[in-house]
Amino acid sequence: MKIVDKVAVVSGGGSGIGKATVLALAERGARVVVADIDEVSGSQIVDQVLGAGGTAICVRCDVTRTKDLVHTFTIAVEQFERLDIVFNNARIGGEDLFADESGDWARIIDIDLTAVIDATRIAVRLMKQANQGGVIINTASLIGLWPMASAPVYAAAKAGVVNFSRSLAYLKDESHIRVNAICPELVDTAMALGGLGEAQLQELRSLGNILRPEDIAAGVLKLIEDDTRAGAIMSITVTDGRAYVTG
Ligand SMILES: NC(=O)c1ccc[n+]([C@@H]2O[C@H](COP(=O)([O-])OP(=O)(O)OC[C@H]3O[C@@H](n4cnc5c(N)ncnc54)[C@H](O)[C@@H]3O)[C@@H](O)[C@H]2O)c1
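Section: helix α1 (residues 16-27)
And step 1. Given a rise of 1.5 Å per residue, 12 residues ought to cover 16 Å, and the 17 Å separating the end C-alpha atoms of α1 matches this to within 8%.
And step 2. Burial within α1 is extensive, with 11 of its 12 residues counted as buried.
And step 3. What α1 keeps buried is the set Gly16, Ile17, Gly18, Lys19, Ala20, Thr21, Val22, Leu23, Ala24, Leu25 and Ala26.
And step 4. Gly29 occupies a position one or two residues after α1 and carries a positive phi of about 95°.

This is how it looks when you write it as structure tokens:
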């Protein structure tokens, strides 16, 4: 799919990977809806896009609420008259205390898996109605492919995103809708900062052992532009400061 003039919704577009993807899409000429629970950061990105001559709007959206998702996609279609690209990417940080009484593990499943399924469901329905095809990319994680003792619920949710996305490969032949997932290794964002702290991040940066959000945005753009990709699971890893894309 050519990105210019297309309409994209990016959840969690106010920070990190989402923000880098909003900027990359707008630079290629897409009209972008920044969907984020944090309206302040979402609006700042919109201002950045507008300042660079691009087109974007911000919609406050809590992806765990179906009503908010429907509202966001409806605004995209009303404002820009189509919906071509959806990047389901939002998430919250916090500890994965599945064995702890106070651990809100169900919240992790809500945002990292249920919300992705819900947003995909709504977007597929709208794309089918418009009969123009589309691309949906879901952010999973390398942790969706391998076990992680310190974050078992997150690992389960992301593994769910991987197999959910893979299971929708048939939509390409049925409706020209391509659903893919992207699995990054550690990325230099607020989420990584919350987990590791500044000192450890600095060390990883100096060793070239952490991805930049722009590396993931580049992978997302590849999945959008390559019309053969459906049910693809793209991994992005880093070694000596260089990003490697597989799958
Ligand atoms: N950073 C990493 O190391 C890493 C690695 C692999 C996968 N990921 C995945 O990448 C995605 C983006 O993570 P990031 O590192 O850019 O995080 P981030 O914290 O920088 O950005 C997350 C964004 O999501 C928004 N958000 C939070 N809850 C929301 C909700 N309920 N509804 C809508 N928006 C909400 C936040 O406001 C924020 O703008 C996540 O799905 C994460 O699991 C991150």
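Still more to cover.
Quick notes on the site of the ligand
And step 1. Around the ligand lies a shell of 29 residues, among which Gly12, Ser15, Gly16, Ala90 and Thr189 are the nearest.
And step 2. Partitioning the shell around the ligand into residue classes produces 13 nonpolar, 12 polar and 4 charged.

Structural notes on the packing of helix α3 (residues 66-80) against helix α4 (residues 105-130)
And step 1. For the pair α3 and α4, the least separation of the axes is 10 Å and the interaxial angle reads 35°. Judged by the sense of rotation from one axis to the other, the crossing of α3 with α4 is right-handed. Between α3 and α4, the residues in contact are Thr66, Leu69, Val70, Phe73 and Val77 and Asp118, Ala119, Ile122, Ala123 and Leu126, respectively.
And step 2. Split into classes, the residues belonging to the contact of α3 with α4 amount to 8 nonpolar, 1 polar and 1 charged.

A short note on the sheet that holds strand β4 (residues 85-88)
And step 1. Spatial strand order, β3-β2-β1-β4-β5-β6-β7-β8: 8 strands in an open sheet with mixed pairing. Strands at the two margins of the open sheet, each flanked by one partner only, are β3 (55-60) and β8 (242-246). Taking each pair of neighbouring strands and ignoring which way they run, the sheet shows an average axis angle of 20°.
And step 2. Pairing analysis gives 4 bridges linking β4 to strand β5 (residues 134-139), with the strands arranged parallel. The partner of Asn88 across the bridge, within β5, is Asn138.
And step 3. Most of the contacts of helix α2 (residues 39-51) go to β3, to which it runs at about 175°, and overall it touches β2 (31-36) and β3.

Some words on the environment of Gly12
And step 1. Within the secondary structure layout, Gly12 lies in the loop between β1 (7-11) and α1.
And step 2. Between the C-alpha atoms of Gly12 and Phe87, which are 75 residues apart in sequence, the distance is 9.0 Å.
And step 3. Among all residues touching Gly12, those that are not within four sequence positions of it are Gly18, Asp36, Asn89, Ala90 and Arg91.

Here's the deal with the nonpolar core
And step 1. One finds Ala8, Val9, Val22, Val32, Val34, Ile182 and Ile216 to be the most contacted residues of the largest nonpolar core, which totals 70 residues.
And step 2. In this view, Ile216 contacts Ile17, Ala20, Ile182, Pro184, Val187, Leu211 and Ile236; residues no more than four positions away in its chain are not counted.

Focus on the pairing of β8
And step 1. Where burial is concerned, little of β8 is hidden: 0 out of the 5 residues are buried.
And step 2. Pairing analysis gives 5 bridges linking strand β7 (residues 233-239) to β8, with the strands arranged antiparallel. Within the sheet, the bridge partner assigned to Ser235 lies in β8 and is Thr246.
And step 3. Adjacent in sequence and paired antiparallel, β7 and β8 are bridged by 2 residues, among which Asp240 carries a positive phi angle near 50°.

Section: the packing of α1 against α2
Packed helix pairs are specified by the crossing angle of their axes together with the interaxial distance, meaning the distance between the axes.
And step 1. Close contact between α1 and α2 brings their axes to 10 Å; oriented N to C, the two are set at 25°. Taken together, the axis directions place α1 and α2 in an arrangement best described as roughly parallel. The handedness of the crossing between α1 and α2 comes out as right-handed. Packed against α1, whose contacting residues are Lys19, Val22, Leu23 and Ala26, the element α2 presents Ile45, Gln48 and Val49 at the interface.
And step 2. When the residues that make up the contact of α1 with α2 are grouped by side-chain class, the tally is 5 nonpolar, 1 polar and 1 charged.

Conventions adopted
- Residues numbered from 1 in each chain as written.
- Predicted model: local features only at pLDDT ≥ 70, side-chain atom pairs only at ≥ 80, totals over all residues.
- Helix = DSSP H or I, 4+ residues; strand = E, 2+ residues; numbered from the N terminus.
- Expected span 1.5 Å × (residues − 1).
- Buried ≥ 20, exposed ≤ 12 C-beta atoms within 10 Å, placed from the backbone.
- Near = placed C-beta within 6 Å.
- Nonpolar A, V, L, I, M, F, W, Y, C, P; charged D, E, K, R; others polar.
- Axes fitted to C-alpha atoms, helices over the stretch in contact; angles between N-to-C directions.
- Left-handed = near helix turned anticlockwise from the far one by under 90°.
- Contact = placed C-beta atoms within 7 Å.
- Pairing = 2+ DSSP bridges.
- Core = buried A, V, L, I, M, F, W, Y, C linked by C-beta atoms within 7 Å.
- Parallel < 35°, antiparallel > 145°, perpendicular 65-115°, else oblique.

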